[in-house]
Amino acid sequence: MRYFHVALRIACLALVSALLPSGSARAAQAGWQEEWSKTVEAAKKEGKVVVSIPASADLRKGMEESFGRRFPGIQLELFAARGGEATRRIVDEYKAGVRYFDIHLGGTTSVVLEFLPENMLDPIEPYFVLPEVKDPKNWWAGHMWIDKARKYVYGFQAYTFANVWYNASLLKPEEVLSYDDFLNPKWTGKIGILDPRTPGAGDSTWSYLYMVKGEEFLKKLVAQKMLVDRNQRQLAEALARGKVALTLGITEYTFLPYLQAGLPVKPLPTPREGTYTTGGSGHLTIIKNPPHPNATKVYVNWLLGKEGQEIFSKGLGQGTRRLDVDTKWLKEVGVMAAKDFLTPEQFLARENQSEEKVETVRKPALAISKKLFR
Amino acid sequence: MIHESTLNTKARPIRVDLAFLLTTLLLALVAFAVLLPLGILIVNSFQVARPGAPAVFGLEGWREAVTSPGILSAVEYTFSLAIIRQIVALFVGIILAWLIARTDLPAKGWLEFAFWLSFFFPALPLTLGWILLLDPKFGLINQWLMNLPFVHEPPFNIYSFWGIVWAHMTGSIGVKVLLLTPAFRNLNAELEESSRIAGVGPLGTLFHVVVPVMMPAILVATILGLIRSLEAFEIELILGVPVGINVYSTKIYEFVSHSPPHFSTATALSTIFLAVLLLLVALQRLYLGRRIYTTLTGRGFSTRPIALGRWRYPAFILVAALGLVVTVVPSLFLLLGTFMKLFGHFDIRGAWTLDNWRHIFNDPVLLRSLWNTLAVGMGAGLAGAVLFSLIAYVIARTQVAGRWLLDFLSWLPWSIPGVLLSVALFWTFLQTPVFRPIYGTIYLLIIAMVIKGMPIGVQLIKSVLMQLGNEMEEAARISGGNWLSTYCRIVVPLIYPALLTVGLVTFISAARDISTVVLLGRGESRTLSLLMLDYTVGADFEKATVVAVMIVALVTLAALVARAVGGQISVRS
Amino acid sequence: MSRLFLQARNLVKRFGPTAAVNNVSFEVKKGEVLTLLGPSGCGKTTTLRMVAGFEQPDEGEIEIENTVIVSAAKRIFVPPEKRRMGMVFQSYAVWPHMTVFENVAYPLKRRGVKKAAIQEKVSQVLELVGLGKMESRPATLLSGGQQQRVALARALVYSPQILLLDEPLSNLDAKLREQMRVELKELQKRLSITVIFVTHDQIEAMTLSDQLAVMNLGEIHQIAPPREIYERPRTRFVQEFIGRVIWLEGRLAELAPGGASVEIAGDEPLSIFSRRISEDVKKGDDVIVGIRPESITLAKEKIAGESNQLPCLLEKRLFLGDRIECHLRYGNARFTLATPITESFSNGQKVCLCLPPDSVFIWTKPTGLTE
C-alpha cells in the first residue's frame, strides 16, 4: 500500500509539472531543445510527411520551397484539393486502414461533419514542441479550438473580410446599406452567390444570413433568382462583366486581377447587420496515429511558427492569429486580421464555424439551401 | 496410323484449352475490375446512414433520386441534348469519315489528324474560348455582328440549349471521325463502285450502301457517343447550370459535392442511368445479332479512293474550315489566354504578359507532373492496347462460351459517369486487399485508366475485327500457326492502325483525365491535368490555360508520333 | 456489219511517275465482246475503270456512239452513274446488308421504277442467271458462284448499254469457272449485249471474245479476233502469252520478201526457214525463233529433202494417260512436246522435229536477254 501511495504521489507530481508551464524554466528549455533535435532526427528517418492542403498552387509552391529549405531531409508531400474531396478521401482511407495522410488543413465544415464523428483525430497539443508555438502569448486570444473537446481542431487564423462585392457601374454603395436591400426588385437576377451547398465562403455567408436574418429572409433571397455557381472565378467574371451587380461569398483574393486591371469591382462597405468572422482554411487536424509521427511534429511546429504562418497567410490571403506575423498588408486585399481590428468577444460573437455553430447554424442553413435551390 | 491418331487427340484439346483458359482469365480480370466497383456503387445506393455513422440500409437515396426537385427536367435535358448532339454529329461525322477515308480529298491525312486532335481537347478551356466568342453580352462575334446595321440583338447566346450543343460539337464530331474513319477505310471499294455504276450518285451510294454496310461500326460509334454525351459534364456545368439547364450528370455532381456528400442519391441516380444504358446495349446487340457482315476478304479487296472530280476542292475547303473551327480556333484562344493577364479581357491596360509562363516554368512540380503524366499515359496505353485487343479478339473471333459475357462486361464502365466511376474505383481499390500495396502509386492510376478506357478500346478493335473476314486468319491457322501465333502474326499486323488508335486514345484520356486522378492520385503521383485543376480551383484560369496548352501539346506530339510510326508500318506491310 | 459503239483514243493514266496505261486505243462494236487480256499489272483493269468512270484519264478520250463521255483535253467527265453501264467486279461486291432480291432491285429502285415493274424485271433477270428461287436469301449466305450470279443479275437488270466484267470468274473454282464461262457466253449471245471483259486467263479470253486486246506494261500489243491473235501474233509477247511456244535463238542469215532463214547454233548447226517475220528484223541480227508446238511433227530420222528439220535429243518421256510428254534438248535449249500415246520412241534417242514454215515466228532478240 505504501508503495502505491508513493507511486501515486510521484504520478501526481509528474502530472502537475507537465501541466504547469512554470515548473523549471531552464529544465524545460533544455528539455524542448533536446526533444526537438531528437524529433527532427527521427523525422528524417521517417523521410516524409503527408499534408492535405486547400487547392491553391501558390500555397503548395510556397510550402514546398521553404519547408524543403528548412528541413532538407524531410520530404513534404502535399495533397491539394477542395475541402470536401480531401476530407472524404481521408475518412475513407482511415476506415479502410490505409495510413497515408498525417495532417489535414482546411475549413471547418467538412472537418466537423466528417472527421469528428469518426473519432479519428489525435489531440494536437502533444505535438507542440517549440516554445514559440506552445506559448499562448504568441497567439491572439491564446490557443483557439473549434471542437467542443478543445483538443482536436486547432484554429490558427482569425479574420473578417468583405464578402459582398459590387459592380460600380451598376450599383451605388448607398443602395445597399442593409442585407434587406438585397431583396429590392432592382436586383432580381443580379445577385451571384458561391454555391452555399458546398463548403466555402458561400456556405459561410449563407449561414451568417441565416444567423442574423432567419429562414424567411433566405426564402425571399432565393426568390431573387440568384446566379449560383461553384466556381469563384466564374462569379468574379460575371461581376466584372456586369452580368450581376452583387456577389456573395467571393473573396478579394479572387478579384485581385480584376482590380489590377482597373475593372469596376468594389467591396461593399459592411452592411448594417455586420459580417461573419472566420478562421478560413486555417484549421489544423492530425489524423490519429499518423504514419510519420515525428515528421508530423516537425511540420506542425514549423507551420505554427512564424515562417509557416507567413507562408500560409500569403498563399491564401487570410489572416493568422500569430502576433509576430505582420497582417496589416492583408488590408490591401480586403482582409482584416482579427488581431488588428477585433476583440476576441467580437470575433466569437460573429463566427459561424465552430463545432457548436456548425451544429446550430450551418446544418439548418445547409438544409434550407438544399431545399430552396434546385 | 495408331501413333498418328493419338497425337491428334492429344493436340486438339490443348489448343481449345488455351483459348478457354485465356477467356476465363480475361473474364475473371474484367469481372473483377468492372463488377466490383459497380457492385460497391449499387450497394451504396441503399446505404443511407450519414457518413461516419454505422451502415443503415434503406431506400431513402432512391426516393431522393426520383423525387428531388428538377430531376424530371434534368432527365429531359439530358436526353434531348444527347440525342440532338448525336444526330448532328453522326451526320457530319459520317460524311467527314467517308470523305477522309474513301475519297481523293487533298491533304486528308492532315484533316483526319485535325479531327483527332479536336477529340483530345480539354473541354474546360475550349468552353471558355467559346464563351469569349459567343457570350451574349461581350462575345466578340456578337459584338462584331452588332456593328452590322440590320442586327439589333446579339444573335448568339452560348448560355443556352444550342450553345451547349455547339460547345460539344468539337468533341462529338471528333469521336465520330476517330471511330469511323478506320472502319470506313476497311470497306471494300467495289461495294461502292458497284452502286455508282448501277446509276446512283456518290451521296446516294453513301446513304444506301456505305452507311448500311457500315452499320456495326456506326452503331458502336453512336452508342459510345451517346453515352459519352449522356455523361458529359463540364460544359453543362459552365453553360447550363447558370441558366437553369441541369442534366443528369450535373445533378450527380451536385449530390456528390454536397457536404456531406449524398452518395446514396448519386449512386441511385447512376443505377437508373445504368439501366437505361443496358437497354441501349441490348438493343444494339439485338440489331447486330441479326446482321454481322464480313466485308473484307483476302481477294479482290480494293481500297481505291473515289475521285471527287470538281467537288474535290470545294469539299476540301468545307472540311478544312470545319477542322479549323474545331481545332485551330479553340487552340488559338487557348494559347492567347496564356499570355493574358485576365483571360478574355482584351481591352484592359497591360492585357498581355509572360508572367503565367514564367510562373509555371518556375514551379518544380511541373517536371514531376509531366513525368507522371507520361508514365501513366504510356502504361495505360500499352496495357490497354494489349488487353483490349485480346478481349476484342475473344469476343469477335472465337466461339468460346463466355464471350458474350466478356462483351457485356467490357461495356459496363461506360455506364458510370466519370465522377462516380472514380469514387467507385477509389472505394474498390481501398477496400480490396490485393490492391492495397499499389494504392496511391501510379500503377493504380494506370489500372484505373485502363478500366476507364476499356469500353471504347474494346469496341473499336472489335468493330474492326468484325469487318475482317475469317479467311486470312483461317488460312494462317490451317497453314500451321496456333491460336496465339495467329493472333500475333496475322491479326495484330492487320489491325495495327486500330491498335495504335486505341493505345493513343488511352494515352490521351489518361493525359487529360481529371476526375479519376483526383481521387486516386497522391501528391507524388500528380499529373499535369491535376496541376491544371489546382490552378482552376484556385481561380487562376490563366495559369490553368498554360498547363492546358502543355497538355494539348503533349497530346498533339503523341498523335504525331503515332501517325508517323503508323504510316511507316502500313507502308512496310 | 454491226456499228461502232465505243471508241477509246490514246488513253494515258499515270500513277506517280509511271504510266499504268500508256497511249491505249481500241474500239468496240455493238453486240461484240472485247477482251483486255494481260498479266497482272498490265493496265487492263485501269483501262476498264477509265471506261467505267472510276479513274479519269490523264490524256485521251472515250466516246460512246459519238458522244464523248470523258476527254482530258476537253475537260469532259461523265460520272459512272450517268454512263448507263453495268459492271461485275472481281469481288462481286454483293451488298451484304441486302437479300438477293434487294441487291438486284437496287438499281431500279434508285431510278424510281414502280414496284410492280421492279418485281417483274428482277424475277426475270434472276431467272436468266439461274437464281430463280433465291430471291429472299440474305447475301451473306450465298456461295461464290451464287454471288457471282447476283452480281451479274444486278448489272443486267437495268439493261445497260454495255457490260463491263472485271475478272468475274477468277474467284471461282476451276469447274465452276468452266461452267460459268459457257453460261456467260450464251447469255451474251442471247442478249446480244456489248461487253468489255478483263481477264488474265487466255482460255477465258479465247472462248468469250470477238476481239482480243493483249496488253503488257500499259500498252496494247495487238487487237484482233482470237484466232488471228493465236495464229499471227504481232509481237513476241503476244505469242508467248497466248498458247505455248518453244524458243530457240539464232542469227538471221537471209531475208527475202517471202520469208527468211535463221541459222541456229547447236549440236548440228542448221538453218530454219520461216514465213512469219517481225517487221523490224534485219539481216545479220540476233533473233529469237518461236515455234507453236502443236504444229510440230516428230520423226525418228531426218526426212530427206525436207527443210526445217531440227535434230534433238529425247531426254525423257513421261506417260500422262492421254498423251506422252517428251523432254527434248537441242544445244542448250530444252523444251517439252506432247505426242500421241501411239508413238514408240525411247529415252536417250535422237529424234527430228519438222517445223512448218508457217508456224515458225522470228522476233528480234531483246537486249539483255540471256536464255
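Nothing here was measured: the structure is a model prediction, and the numbers come from that model.

The rules we used
- Residues numbered from 1 in each chain as written.
- Chains lettered and ligands numbered in written order.
- Predicted model: local features only at pLDDT ≥ 70, side-chain atom pairs only at ≥ 80, totals over all residues.
- Heavy atoms only, no water.
- Helix = DSSP H or I, 4+ residues; strand = E, 2+ residues; numbered from the N terminus.
- Rg over C-alpha atoms; globule rule 2.2 N^0.38 Å.
- Buried < 20%, exposed > 50% of the residue type's maximum accessible area, 1.4 Å probe, protein only.
- Contact = heavy atoms within 4.5 Å.
- Buried area = accessible area lost by both parts, 1.4 Å probe.
- Salt bridge = Lys/Arg side-chain N within 4 Å of Asp/Glu carboxyl O.
- pLDDT = per-residue confidence, 0-100.
- Polar contact = N/O pair within 3.5 Å; in protein donor to acceptor, adjacent residues only side chain to side chain.
- Nonpolar A, V, L, I, M, F, W, Y, C, P; charged D, E, K, R; others polar.
- Pairing = 2+ DSSP bridges.
- Axes fitted to C-alpha atoms, helices over the stretch in contact; angles between N-to-C directions.
- Parallel < 35°, antiparallel > 145°, perpendicular 65-115°, else oblique.

Asks: Hey, could you go over the overall build of chain A for me, with residue numbers and the actual values?
Replies: On a plain count of helices and strands, chain A comes out with 15 helices and 14 strands. What you see for chain A is a C-alpha radius of gyration of 22 Å, in line with the 21 Å of a compact globule of 374 residues. Once the C-alpha set of chain A is aligned to its principal axes, its extents read approximately 80 × 45 × 40 Å. In chain A, buried positions account for 57% of the 374 residues.

Asks: Can you break down the interface of chain A and chain B residue by residue, with the values?
Replies: Each partner contributes residues to the interface: chain A has 52 residues there, and chain B has 60 residues. Summing the contributions of chain A and of chain B, the shared interface buries around 4,800 Å²; its carbon and sulfur component is 52%. When the buried area of chain A at its contact with chain B is split by residue, Arg230, Arg233 and Arg241 of chain A rank highest and sum to 15% of it. Taken together, the links from chain A to chain B amount to four salt bridges. A salt bridge links Glu542 of chain B to Arg233 of chain A; its shortest N-O distance comes to 2.4 Å.

Asks: Run through the confidence of the model for chain A, naming residues and quoting values.
Replies: Chain-level statistics for chain A give a pLDDT mean of 87 and a share of 92% at 70 or above. Overall, residues 13-23 of chain A carries pLDDT values under 50, and its contacts beyond four positions in sequence, including any with other chains, amount to zero contacts.

Asks: Give me the lowdown on the interface of chain B and chain C, citing residues and values where you can.
Replies: Each partner contributes residues to the interface: chain B has 26 residues there, and chain C has 31 residues. Across the chain B to chain C interface the summed buried area is about 2,300 Å²; carbon plus sulfur atoms make up 59%. Summed over the shared surface of chain B and chain C, the number is two salt bridges. A salt bridge links Glu81 of chain C to Arg196 of chain B; the shortest N-O distance between them is 2.7 Å. The interface formed by chain B and chain C contains twelve residue pairs in polar contact (both at pLDDT 80 or more). Looking at the side of chain B that touches chain C, the elements with two or more residues in it are α8 (189-197) and α9 (202-213) of chain B. Across the side of chain B that touches chain C, the residue classes tally to nine nonpolar, eleven polar and six charged.

Asks: Got a sec to walk through the side chain of Glu55 of chain C? Specific residues and values, please.
Replies: Looking at where Glu55 of chain C falls in the secondary structure, it is placed in the loop between α1 (44-52) and β4 (59-64). Not counting chain neighbours up to four residues away, the residues in contact with Glu55 of chain C comprise Arg304 of chain B together with Lys13, Phe15, Thr46, Arg49, Met50 and Phe77 of chain C.

Asks: Explain the pairing of strand β20 (residues 333-339) of chain C residue by residue, including any values.
Replies: Burial along β20 of chain C is one-sided: Ala333, Phe335, Leu337 and Thr339 of chain C are buried, while Arg334, Thr336 and Ala338 of chain C, pointing the other way, are not. Between strand β19 (residues 324-330) of chain C and β20 of chain C, which follow one another and run antiparallel, lie two residues, and Gly331 of chain C among them has a positive phi close to 60 degrees.

Asks: I'd like a rundown of the sheet that holds strand β13 (residues 259-264) of chain C, residues and numbers included.
Replies: Residues and elements named next belong to chain C. An order of β14-β13-β12-β16-β22-β15 is seen for the six strands of this open sheet, with the pairing classed as mixed. If you trace the sheet from one side to the other, it starts and ends with β14 (270-274) and β15 (276-277), each paired once. Alignment of strand β12 (residues 246-256) against β13, held across six bridges, turns out to be antiparallel. Among the inter-strand pairings, Leu252 is bridged to a residue of β13, identified as Val262.

Asks: So, the arrangement of the chains: which residues are in play, and what are the values?
Replies: By number of contacts, the leading pair among the two pairs of chains in contact is chains A and B. Here chain A and chain C are not in contact; the least distance found between their C-alpha atoms is 49 Å.

Asks: Which residues make up the sheet that holds strand β1 (residues 4-15) of chain C, and what are the values?
Replies: All names here are of chain C. Across the sheet, which stays open at both edges, the five strands sit in the order β2-β1-β4-β5-β6 with antiparallel pairing between neighbours. Strands with a single pairing partner mark the edges of an open sheet, and in this sheet they are β2 (18-29) and β6 (76-77). Direction of pairing for β4 relative to strand β5 (residues 67-71): antiparallel, over a ladder of four bridges. Residue pairing for β5: Glu61 is matched across the bridge by Ser71. Taken strand by strand, α1 contacts β1, β2, β4 and β5, and its axis lies near 60 degrees from that of β2.

Asks: Lay out the packing of helix α7 (residues 201-213) of chain A against helix α15 (residues 355-372) of chain A in plain terms, naming residues and giving numbers.
Replies: All names here are of chain A. At a minimum axis distance of 9 Å, the contact between α7 and α15 shows a crossing angle of 105 degrees. It follows that α7 is roughly perpendicular to α15 by the angle criterion. Contact with α7, carried on its side by Asp203, Ser204, Trp206, Ser207, Tyr210 and Met211, involves Lys357, Thr360, Val361, Arg362, Pro364, Ala365, Ile368, Ser369 and Leu372 of α15 and no other residues of that element. Residues of the contact of α7 with α15, tallied by class, amount to eight nonpolar, four polar and three charged.

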